[in-house]
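What follows is each chain in one-letter form.
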Number of protein chains: 2
Amino acid sequence: MFAALGDETRLSLVAVLCAGGAFSIAQLTHGTDITRQAVTKHLQVLADAGLVRDLKQGRERLWEFEPSRLDEARRSLESIAGQWDRALARLKSTLERS
Amino acid sequence: MFAALGDETRLSLVAVLCAGGAFSIAQLTHGTDITRQAVTKHLQVLADAGLVRDLKQGRERLWEFEPSRLDEARRSLESIAGQWDRALARLKSTLERS
DNA sequence: CTAATATGCAACCAGGAGGTTGCCCATGAA
DNA sequence: TTCATGGGCAACCTCCTGGTTGCATATTAG
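Conventions we followed
- All residue numbers here refer to positions counted from 1 along the written sequence of the relevant chain.
- Just so you know, chain letters begin at A and ligand numbers begin at 1, following the order they were written in.
- In keeping with the model being predicted, local features are shown solely for residues with a pLDDT of at least 70 and side-chain atom pairs are shown and tallied solely at 80 or more, while totals for entire chains, interfaces and linings include all residues.
- Neither water nor hydrogens contribute to the side-chain values; these are computed over all heavy atoms in the structure.
- We call two residues in contact when some of their heavy atoms are within 4.5 Å.
- Computed with a 1.4 Å rolling probe, the buried area is the accessible surface lost when two parts are put together, summed over both parts.
- What makes a salt bridge here is a side-chain nitrogen of Lys or Arg within 4 Å of a carboxyl oxygen of Asp or Glu, nothing more.
- What qualifies as a polar contact is a pair of N or O atoms within 3.5 Å, subject to a donor-acceptor requirement within protein and to the restriction that residues adjacent in sequence count only when both atoms come from side chains.
- Elements are defined by DSSP. Helices are runs of H or I of four residues or more, strands are runs of E of two residues or more, and each kind is numbered from the N terminus.
- When a residue's accessible area, from a 1.4 Å probe over protein chains only, is under 20% of the maximum for its type it is buried; when over 50% it is exposed; and in between it is partly exposed.
- Whether a residue is near a molecule or strand depends on its heavy atoms: it is near if one of them lies within 4 Å of it.
- Three classes are used, and their members are as follows: Ala, Val, Leu, Ile, Met, Phe, Trp, Tyr, Cys and Pro are nonpolar, Asp, Glu, Lys and Arg are charged, and the others, Gly among them, are polar.

Draft legend 1. A look at the interface of chain B and chain A. Contacts between chain B and chain A engage 23 residues on the former and 22 residues on the latter. Considering only the side of chain B, the residues that lose the most area to chain A are B:F2, B:L77 and B:W84, jointly responsible for 30% of the buried surface there. Remark: the boundary between chain B and chain A carries two salt bridges. B:E78 is the salt-bridge partner of A:R74, the closest N and O atoms lying 3.6 Å from each other. In this structure, the connection of chain B to chain A is made through zero residue pairs in polar contact (both at pLDDT 80 or more).

Structure, rendered in structure tokens:
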């Protein structure tokens, strides 16, 4: 999922979807300088990572943000940072004890 | 920086460095099934992303975690999630108003 | 001093990722 | 019905990334 967010194009797609709601592939392509197919591939990657969700509607395919997974990522970053904090605390207490 | 965390090997390197303190390249290589050179390259990528820091010590080069940047990433994820929450709130209030 | 250890540098290689093009299908509008 | 539009599929291309190997350099141990 970090890999999914690691691409510049995909990150801006996520940003757009976060801010806006649901967009079709053609709409999302409009404004970028890449092909519709490329956008489709990026959306697929984001979907595999659980970051976006698609809903068919007529001949259109609308994409929207899926917030749950991002929250999970945030929590995992917090846990990593927490590990570091605990390590520092251990180090500090070890030094004080000596 | 998401790209830096997007690689499996690098993510586990970060995890090790978070939990532990400072390690040499040889130590970090021990336990993985890749070459020392590959580990060096990964550490370089992480350093470019500001996630780790190196300190020379004798003939060794010790690497340790750099927590500040990760915190920044956490905040940016929070802001993205926040955008989504605000969009939902706007949508809700729009619906209620109609 | 000499040998072993820890690392750096550069060339090289294979595979995957991002991107494009061409063609086809489905659906909505006129 | 006919046509334009939104989208899917697949082949193809290029370049970057992850990884390796070989050799050179610095530092420490004996």
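Draft legend 2. The pattern of salt bridges, seen in detail. Per the counting criterion, the structure on display carries 16 salt bridges over all chains. A salt bridge links B:R53 to B:E64, with the nearest nitrogen and oxygen atoms 2.3 Å apart. Here B:E64 lies in strand 3 (residues 60-65) and B:R53 lies in strand 2 (residues 52-57), a separation of 11 residues in the sequence. B:D54 is the salt-bridge partner of B:R61, the closest N and O atoms lying 2.9 Å from each other. By relative accessible area, B:R61 is classed as partly exposed at 26%. Salt bridges linked by common partners bring A:D71, A:R74, A:R75, A:E78, B:D71, B:R74, B:R75 and B:E78 together as one network.

Draft legend 3. A look at the environment of A:T9. All names here are of chain A. Inspection of the secondary structure assignment puts T9 in helix 2 (residues 8-20). C-alpha separation for the pair T9 and A73, spaced 64 residues apart in sequence, amounts to 19 Å. In contact with T9, not counting residues within four places along its chain, are I34 and H42.

Draft legend 4. Summary view of the protein's contact with DNA strand C. Surrounding DNA strand C, one finds 21 residues, the nearest of these being A:T35, A:K41, A:H42, B:Q37 and B:R61. Taken together, the sugar and phosphate atoms account for 56% of what DNA strand C places within 4 Å of the protein. Contact distances for DNA strand C include 2.8 Å between a phosphate oxygen and a backbone N or O atom of B:A26. In the environment of DNA strand C, a base oxygen lies 2.8 Å from a nitrogen or oxygen atom belonging to the side chain of B:R59. Every element with two or more residues in the surface near DNA strand C is listed here: helix 2 and helix 4 (36-48) of chain A together with helix 3 (25-29), helix 4 (36-48) and strand 3 of chain B. In terms of residue count, helix 4 of chain A provides more of the surface near DNA strand C than any other element does, four residues in total. In the surface near DNA strand C, the residues fall into four nonpolar, eight polar and nine charged.

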